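Okay, here's what each chain looks like letter by letter:
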Amino acid sequence: MPLDAPVDETAAEDELDAERAHLDASRQDLARMRRKVESLDSTDAGNWVSAEILDATLARRLEQLADDPDIPLFFGRIDRTAAAGAESFHVGRRHISDGAGDPMVVDWRAPVSVPFYRASRTEPMGLSLRRRYGFSHGELTAYEDESLAEPAPAEEHSAILDAEIERPRTGPMRDIVATIQPEQDMLVRADLSQTIVVQGAPGTGKTAVGLHRAAFLLYAHRDQLTRRGVLIIGPNASFLRYIRDVLPALGEIQAKQATIAELVSAHGKLRADEPASVATLKGDVRMAEVLRRAVWSHVGEPEEALVVPRGSRRWRVPSYEAREAVEGLLANDLRYSAGRALLPRALAHRVLVQMERSGDSPDDRVHDAVARAKPVKDYAAALWPDLKPARVLFTLFSSPERLAEVADGILSQAEQEMLVWEKPPRSAGTARWTLADLVLLDEITDLLERTPSVAHIVADEAQDLSAMMLRALGRRSTTGSLTILGDLAQATTPWASRSWSEALAHLGKAEGHVEQLTRGFRVPADVIAYAARLLPHIAPDLDPPVAVRRSRGDLGFTSAPLVDAVEPVLDRLGSVGLIVPDAELAAARTELAAAGLSFAEIALDELSVGEEETEFDAHLDLVPASLAKGLEFDHVIVSDPAAIVAGEPDRATGLRRLYVCLTRAVSSLVVRHDGDLPEELGAEELSSVPDTLVRG
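Residues numbered from 1 in each chain as written. Predicted model: local features only at pLDDT ≥ 70, side-chain atom pairs only at ≥ 80, totals over all residues. Heavy atoms only, no water.

In the nomenclature of an unreviewed UniProt entry, the protein is known as DNA helicase IV of Nocardioides albertanoniae.

Structure (structure tokens):
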């Protein structure tokens with residue numbers, strides 16, 4: 001079982017028995033820890049507030065201590081050298097201690113676990129040995145030792161590590177805590193203050209890195225992140241359902257998950273779509289200045305004096321003094337609503353100055369009374385009117401004259417005409433808002449009142465976000481940080497970012513840095529080599545992905561009818577994803593049902609189920625090409641690549657969509673085509689393999 005030594009079968013079996021005994025003892029200690037929490041309650045809390053907080057804390061702790069017998073409690077062990085203390089630690093998903101408080105399992109996020117992920121024979125980090133375990137349905141079946149005591153010219157592949165990566169999957173995405181690689185671990189454990197962009201080729205684990213970083217930060221900065229919040233942003237509801245189990249499996253239930261549409265849903269109901277050209281314009285960063293002008297142009301110019309009766313006296317604030325009060329507030333860079341709230345007090349201050357000059361001694365109560373006086377409130381409201389985000393945007397899109405006034409020098413006449421409604425709704429309340437509109441409403445809301453900031457945001461598939469969407473994320477992390485995940489080669493929206501430096505600027509995090517992951521652990525070498533033929537056409541500046549899997553995978557081509565192409569793949573173990581052009585989704589659904597094949601359909605919002613299958617738990621998932629991004633299946637059939645390309649607004653976007661679809665496979669890919677393949681893919685056969693690919 002050691003990687004570099006002959007195996008003594010008897011000694012190995014004795015060692016395996018000892019490890020099984022440690023696993024059983026750890027499971028008993030975890031049950032003991034859970035029973036101790038269950039025995040606690042809030043009856044001794046000082047008040048009802050403390051009781052509620054304690055009850056919530058205990059409930060959360062019970063969830064963290066949940067034990068799934070199918071999930072191993074530990075997946076590795078590290079043995080320290082004598083110079084480093086000669087200790088051994090089992091590394092797992094959560095900390096488990098025995099009755100005396102000694103660790104049975106250490107949390108993978110703890111500092112003591114770092115060498116498990118980063119130690120090498122050239123840099124052993126105080127380890128003499130690293131052990132990995134093989135499990136089947138929660139039962140420990142094997143172990144594999146790697147000696148780190150002596151330097152070696154080359155390191156061996158870990159069979160257990162490869163087996164874990166290639167293990168057939170069903171259900172939603174699972175964690176990769178047992179297989180995190182050194183370059184991934186560096187990103188996972190990056191400091192909370194750092195904003196990082198992870199540019200990752202397909203199969204490099206960028207999504208897993210982001211989720212595991214969230215889990216690590218929740219562990220390392222528990223109080224801060226629990227108090228201020230962690231937000232996971234995904235491209236669509238289907239993707240969020242796919243990743244939903246990762247953080248709970250790691251013992252973390254604190255993070256909230258949302259799409260961009262859900263993030264801005266408080267501003268109105270999403271009721272309509274619009275042409276891509278209009279949505280692209282609305283997502284342009286220039287709209288931020290248009291909206292800023294639209295909001296602040298409501299602040300008026302004082303033309304008359306303010307007269308405030310008080311007792312037998314009438315106090316008069318000249319228009320020039322009122323103008324100075326307004327200009328003073330504007331100079332303080334306040335939010336619109338904050339300035340509006342302060343204006344009555346600023347005007348009241350001018351009245352109190354006059355009272356003092358006349359010999360009175362007004363105090364704070366007089367100041368408050370003057371600020372609340374009807375003449376002052378009415379005067380201030382006329383200068384600085386109350387605004388509602390929906391009304392501001394409704395007026396812009398309903399009135400060409402109003403839009404021209406605030407967009408002058410920013411948007412062309414043609415662009416302004418694109419934004420104005422042909423048939424304006426009766427009111428803002430009846431407007432059929434699009435997603436781009438809701439994002440603009442979010443921008444206006446922030447101009448009026450500051451958006452609360454969370455501690456950390458993880459945004460996946462961020463290359464597809466518009467500048468205005470990125471600004472929506474940025475204002476929610478003004479006092480926090482972000483982990484941005486994406487691949488410019490997989491950008492499939494017309495408003496996608498052209499570069500990560502540009503995206504960081506829109507986020508307000510220009511100091512953030514970009515890390516590139518190119519070592520692919522998921523997509524097999526032959527599959528990624530075939531898909532990489534598209535890179536010169538869609539992202540020539542990106543480094544090509546490097547496959548480091550032992551298995552080269554299985555790549556095949558067929559022109560058979562859809563069902564005939566699918567049925568042979570269904571005999572294989574693991575999940576199967578059938579990716580079809582969106583326009584052919586209904587026909588594919590009909591063909592599968594007519595053939596009596598059981599399947600689930602991945603849908604944008606609601607799940608469409610064939611027979612009684614459950615999304616991601618089905619053996620076969622029917623996936624529209626537009627929803628394939630971010631998903632993985634053991635076996636993939638991509639149907640009609642030419643139609644996938646043709647289904648997008650332009651060929652470049654279509655090729656990027658196809659690149660996404662071709663890189664969803666973990667073990668095998670079948671390309672089913674009715675006619676010719678896109679010319680950018682070349683001939684069917686793999687005549688050569690790029691030198692950058694590492695063969696197993």
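There's plenty left to go through after this.
Visitor: Looking at this model, I keep getting lost on the overall build of the protein. Mind explaining?
Guide: Tallying secondary structure elements over the protein gives 28 helices and 23 strands in all. Within the span of the protein, comprising 696 residues, buried residues form 53% of the whole. Surface accessibility of the protein: about 30,700 Å² in total, with carbon and sulfur atoms responsible for 50%. With 77 positive and 110 negative side-chain charges, the protein shows a separation of 9 Å between the mean positions of the two kinds. (Helix = DSSP H or I, 4+ residues; strand = E, 2+ residues; numbered from the N terminus. Buried < 20%, exposed > 50% of the residue type's maximum accessible area, 1.4 Å probe, protein only. Areas by Shrake-Rupley, 256 points an atom, 1.4 Å probe, with all protein chains shown as cover. Lys, Arg positive; Asp, Glu negative; His and termini not counted. Charge placed at Lys NZ, Arg CZ, Asp CG, Glu CD.)

Visitor: How should a negative patch on the surface be read in this particular structure?
Guide: Taken together, Asp41, Asp44, Glu52 and Asp55 make up a surface patch of like negative charges. By secondary structure assignment, the location of glutamate 52 is in helix 2 (residues 48-64). (Patch = residues over 30% accessible without salt bridge, like charges linked within 9 Å, V, L, I, M, F, W, Y side chains within 5 Å. Salt bridge = Lys/Arg side-chain N within 4 Å of Asp/Glu carboxyl O.)

Visitor: How should I be thinking about the pattern of salt bridges in this particular structure?
Guide: Under the defined criterion, the tally for this structure stands at 42 salt bridges. For glutamate 15, the salt bridge identified is with arginine 131, shortest N-O distance 2.6 Å. Of this pair, glutamate 15 sits in helix 1 (residues 9-38) while arginine 131 sits in strand 5 (residues 127-136); the two residues are 116 residues apart in sequence, bridging distant segments of the chain. By relative accessible area, which is 24% here, glutamate 15 ends up partly exposed. We note a salt bridge from aspartate 446 to arginine 335, for which the minimum N-O separation is 3.3 Å. One end of the pair, aspartate 446, is in helix 20 (residues 435-448); the other, arginine 335, is in the loop between helix 13 (319-330) and helix 14 (336-357), and 111 residues separate them in sequence. Judged by its relative accessible area of 11%, aspartate 446 falls in the buried class. In this structure arginine 335 comes out as partly exposed when scored by relative accessible area, which is 22%. Through salt bridges with shared partners, a single network forms among Glu15, Glu19, Arg77, Asp79, Arg131 and Asp145.

Visitor: Can you help me understand the environment of arginine 213 in this one?
Guide: Take arginine 213: it is sitting in helix 6 (residues 206-220). Remark: the alpha-carbon pair of arginine 213 and leucine 187, spanning 26 residues in sequence, is separated by 7.2 Å. What arginine 213 contacts, discounting residues up to four positions off in sequence, is Leu187, Val188, Ala190, Asp191, Leu192, Gln194, Ile196, His456, Leu482 and Thr483. At a separation of 2.7 Å, a polar atom in the side chain of arginine 213 contacts the main-chain carbonyl oxygen of aspartate 191. (Contact = heavy atoms within 4.5 Å. Polar contact = N/O pair within 3.5 Å; in protein donor to acceptor, adjacent residues only side chain to side chain.)

Visitor: Looking at this structure, how should I read the nonpolar core?
Guide: A general trend in soluble globular proteins is that nonpolar side chains are found buried together. Counting 164 residues, the largest nonpolar core has Trp108, Leu473 and Leu662 as its most contacted members. Among the nonpolar cores identified, the runner-up in size contains 17 residues, and Leu585, Phe599, Ile637 and Val670 belong to it. (Core = buried A, V, L, I, M, F, W, Y, C linked by side-chain atoms within 4.5 Å.)

Visitor: In this structure, what is going on with the sheet that holds strand 14 (residues 513-517)? I would like to understand it.
Guide: The pairing of strands in a sheet comes from backbone hydrogen bonds and takes either a parallel or an antiparallel form. Spatially, the 6 strands line up as an open sheet ordered 9-8-12-13-7-14, and their pairing is parallel. The sheet is open, and its two edges are formed by strand 9 (256-259) and strand 14, each paired on a single side. Each strand axis lies, on average, 20° off the axis of its neighbour in the sheet, ignoring direction. As defined by bridge partners, strand 8 (residues 230-234) adjoins strand 9 across 4 bridges and the pair is classed as parallel. If you follow isoleucine 232 over to strand 9, its bridge partner there is glutamine 257. Contacts from helix 22 (residues 500-507) reach strand 7 (196-200), strand 13 (481-486) and strand 14 within the one sheet, and its direction differs from that of strand 13 by about 145°. (Pairing = 2+ DSSP bridges. Axes fitted to C-alpha atoms, helices over the stretch in contact; angles between N-to-C directions.)

Visitor: Honestly, the side chain of aspartate 79 in this entry has me stumped. Any pointers?
Guide: Turning to its location among the elements, aspartate 79 is positioned in strand 1 (residues 74-80). Exposure remark for aspartate 79: the relative accessible area of 12% places this residue in the buried category. Apart from residues no more than four positions distant in its own chain, aspartate 79 is found in contact with Glu87, Ser88, Gly126, Leu127, Ser128 and Leu129.

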